[in-house]
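Read off the chains here:
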Amino acid sequence: MVSTIASTVAVEILLDDRPHIVGGRLAQDAILLRAGKKCDLEDFEVGEIVKIAWHTVDNRKEIVTIISDTPPAPPTQPVIVHKDIDTAPTVPGPEPNNRVAPPERLANTTAMIGQPQHHVVSTEDTLLDIARQYNLGYNEIADMYPDLDPWLPPVGRRLLLPTARLLPDGDKKGIVINVPEMRLYYFSKTKEATHVITHPVGIGDTDFQTEPGNYVVGNKAINPTWYIPPSLRAKYQVKSVPPGPDNPLGKYWLGLKNTNYGIHGSDIPWSIGRKVTHGCIRMYPEDISTFFNIIGVGTTVQIVYEPVKIGRVGNDIYLEVHKDIYNMFPDLSAYAREKLIEKGYWMNVDRKRFTNAIQQKRGIPENISYGARLTANASY
């Protein structure tokens, strides 16, 4: 490792027993760990053995993790090893609690599901732990609290969690994945009602975007082998990755028919709520293990791109704004305004509340009605 006091990192890796240099800028939200604890770039030693992961942004490498399994010590062999983002090791952490939530029953007029929840930060908490405990992706809690250190949130702070959400537009059937939200919805129907369950997901990196469209689950597999596409084999130096702890597909695979993509688990739980895949949709291991059992071959899959969601609850109009992660809309305000006009809501919108929601992009339902009361039950 070179230049541990700058924002650019250079490491030496071994490929085919030959040394190569990989260099890149440090990502703004890069994860730096030593023996499972947060550290700074300066805490790494030149020449020590670490594990790194990176992805490519604007044709430049961006380092997203640097991990050392041991306390600082002079290395016996000055060799740097690497694993790519899709095969990086899992960082140990506390097991999540209360993972399985019952399906929520929908009425014909249902626009919002879930309820706001609170969490008081303890000494052992990180934002990633809290997100996983409440079935949130990292993006959801980071967008709510962009100024908090994700590894050292203030102990005793009472956090309002984004556990209420508007439903995406479109048909309420099968699997619906909203890419900017990084969240999956599954709608199932009985004779009495429609029910929905939802889970956070990880999606395609900027250079390997998860493509919107209509798909069908074509196959299912337990302990799948990852057959690496020819375009990526030079990068990984292998043709396949067998089942096991280093397989980026995890233990379960739901393949999308007539594509190379699927919904699968992950060997990196903290990657949920991030742009890290080659186009697939990944889930927390504990989520995919239950989701896999209720999804059959032939289930429809709608992948949509809705950075702005709109819903009406009673007489109140709600706006939920997420980051336009693939930069699809040059003017998000105009896009949201057009959607409100189409639904006939624009004349009842408080312009100041609307502007604040667009600017903040907190990813939560915001009451933008004229004269709306800001209460725990009505808005965040």
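Residues numbered from 1 in each chain as written. Predicted model: local features only at pLDDT ≥ 70, side-chain atom pairs only at ≥ 80, totals over all residues. Heavy atoms only, no water.

Caption draft 1: Up close: the overall build of the chain. Across its full length, the chain holds 6 helices and 25 strands. Every one of the 380 residues in the chain was classed for burial, and the buried ones make up 52%. Sequence separation of 24 or more characterises 65% of the internal contacts of the chain that already satisfy a separation of 6 or more. Counting every atom, the chain has about 18,500 Å² of accessible surface; 51% of that belongs to carbon and sulfur. (Helix = DSSP H or I, 4+ residues; strand = E, 2+ residues; numbered from the N terminus. Buried < 20%, exposed > 50% of the residue type's maximum accessible area, 1.4 Å probe, protein only. Contact = heavy atoms within 4.5 Å. Areas by Shrake-Rupley, 256 points an atom, 1.4 Å probe, with all protein chains shown as cover.)

Caption draft 2: Spotlight on the pattern of salt bridges. Applying the stated criterion across every chain, the model contains 11 salt bridges. Of the charged contacts in the structure, one is a salt bridge between Glu140 and Arg165, with a shortest N-O distance of 3.6 Å. Here Arg165 lies in strand β10 (residues 164–166) and Glu140 lies in helix α2 (residues 138–144), a separation of 25 residues in the sequence. Taken individually, Glu140 and Arg165 each receive the classification buried, so the pair is uniform in this respect. With its nearest N and O atoms 3.8 Å apart, the salt bridge here joins Arg353 to Asp350. Look at Arg353 and you get partly exposed, because its relative accessible area is 22%. A single network of salt bridges, built from pairs that share partners, joins Glu140, Arg165 and Arg183. (Salt bridge = Lys/Arg side-chain N within 4 Å of Asp/Glu carboxyl O.)

Caption draft 3: Broad picture of the side chain of Thr65. Along the chain, the position of Thr65 falls in strand β5 (residues 60–68). Beyond its immediate stretch of four places on either side in the chain, Thr65 contacts Ile31, Lys51, Ile52, Ala53 and Trp270.

Caption draft 4: Structural view of the environment of Arg353. Relative to the assigned elements, Arg353 resides in helix α6 (residues 351–360). The spacing of Arg353 and Ile368 is 15 residues in sequence and 5.1 Å in space, taken between C-alpha atoms.

Caption draft 5: Local environment of empty space enclosed by the protein. On inspection of all chains with the given rule, the structure shows 1 cavity of 30 Å³ or more. There is about 60 Å³ of room inside the largest cavity. Contributing to the lining of the largest cavity are Gln209, Thr210, Glu211, Tyr215, Leu256, Tyr261, Gly279, Ile281 and Ile303. Across the lining of the largest cavity, the residue classes break down as 5 nonpolar, 3 polar and 1 charged. (1 Å grid on protein atoms, 1.4 Å probe; cavity = no way out; pocket = protein on both sides within 12 Å on 5 of 7 lines; lining within 4 Å. Points joined across faces, edges and corners; volume = space filled by probe spheres on them. Nonpolar A, V, L, I, M, F, W, Y, C, P; charged D, E, K, R; others polar.)

Caption draft 6: Quick look at the sheet that holds strand β15 (residues 213–222). The 9 strands lie next to each other as β6-β13-β12-β11-β22-β15-β18-β19-β21, forming an open sheet whose pairing is mixed. This sheet does not close on itself; its edge strands, each paired only once, are β6 (104–106) and β21 (281–282). Contacts from helix α4 (residues 285–294) reach β11 (174–178), β12 (183–189), β13 (194–200), β15, β18 (252–256) and β19 (262–264) within the one sheet, and its direction differs from that of β18 by about 55°. (Pairing = 2+ DSSP bridges. Axes fitted to C-alpha atoms, helices over the stretch in contact; angles between N-to-C directions.)

Caption draft 7: Region of interest: the layout of surface pockets. By volume, the largest pocket is sized at about 1,300 Å³. Around the largest pocket, the lining comprises 48 residues; the ones closest to its centre are Gln28, Asp29, Tyr138, Arg274 and Lys323. Of all elements in the fold, only β2 (18–34), β4 (51–57), β5, α2 and β20 (275–277) reach the threshold of two or more residues within the lining of the largest pocket. Here the element with the most residues in the lining of the largest pocket is β2; it accounts for 7 residues. Its residues assigned to classes, the lining of the largest pocket comprises 25 nonpolar, 10 polar and 13 charged.

Caption draft 8: Spotlight on the environment of Arg60. By secondary structure assignment, the location of Arg60 is in strand β5. The class of Arg60 is partly exposed, set by a relative accessible area of 47%. Sequence separation between Arg60 and Gly24 is 36 residues, and the spatial gap between their C-alpha atoms is 6.9 Å. Filtering out sequence-adjacent residues up to four positions away, Arg60 remains in contact with Arg25 and His55.

Caption draft 9: Summary view of the nonpolar core. Within the largest apolar cluster, 26 residues are counted, with the highest numbers of intra-cluster contacts made by Ile175, Ile177, Ile263 and Phe291. Contributing elements (two or more residues each) for this core: β11, β12, β15, β18, α4 and β22 (300–304). In this view, Phe291 contacts Ile175, Leu184, Tyr186, Ile197, His199, Leu254 and Met283; residues no more than four positions away in its chain are not counted. (Core = buried A, V, L, I, M, F, W, Y, C linked by side-chain atoms within 4.5 Å.)

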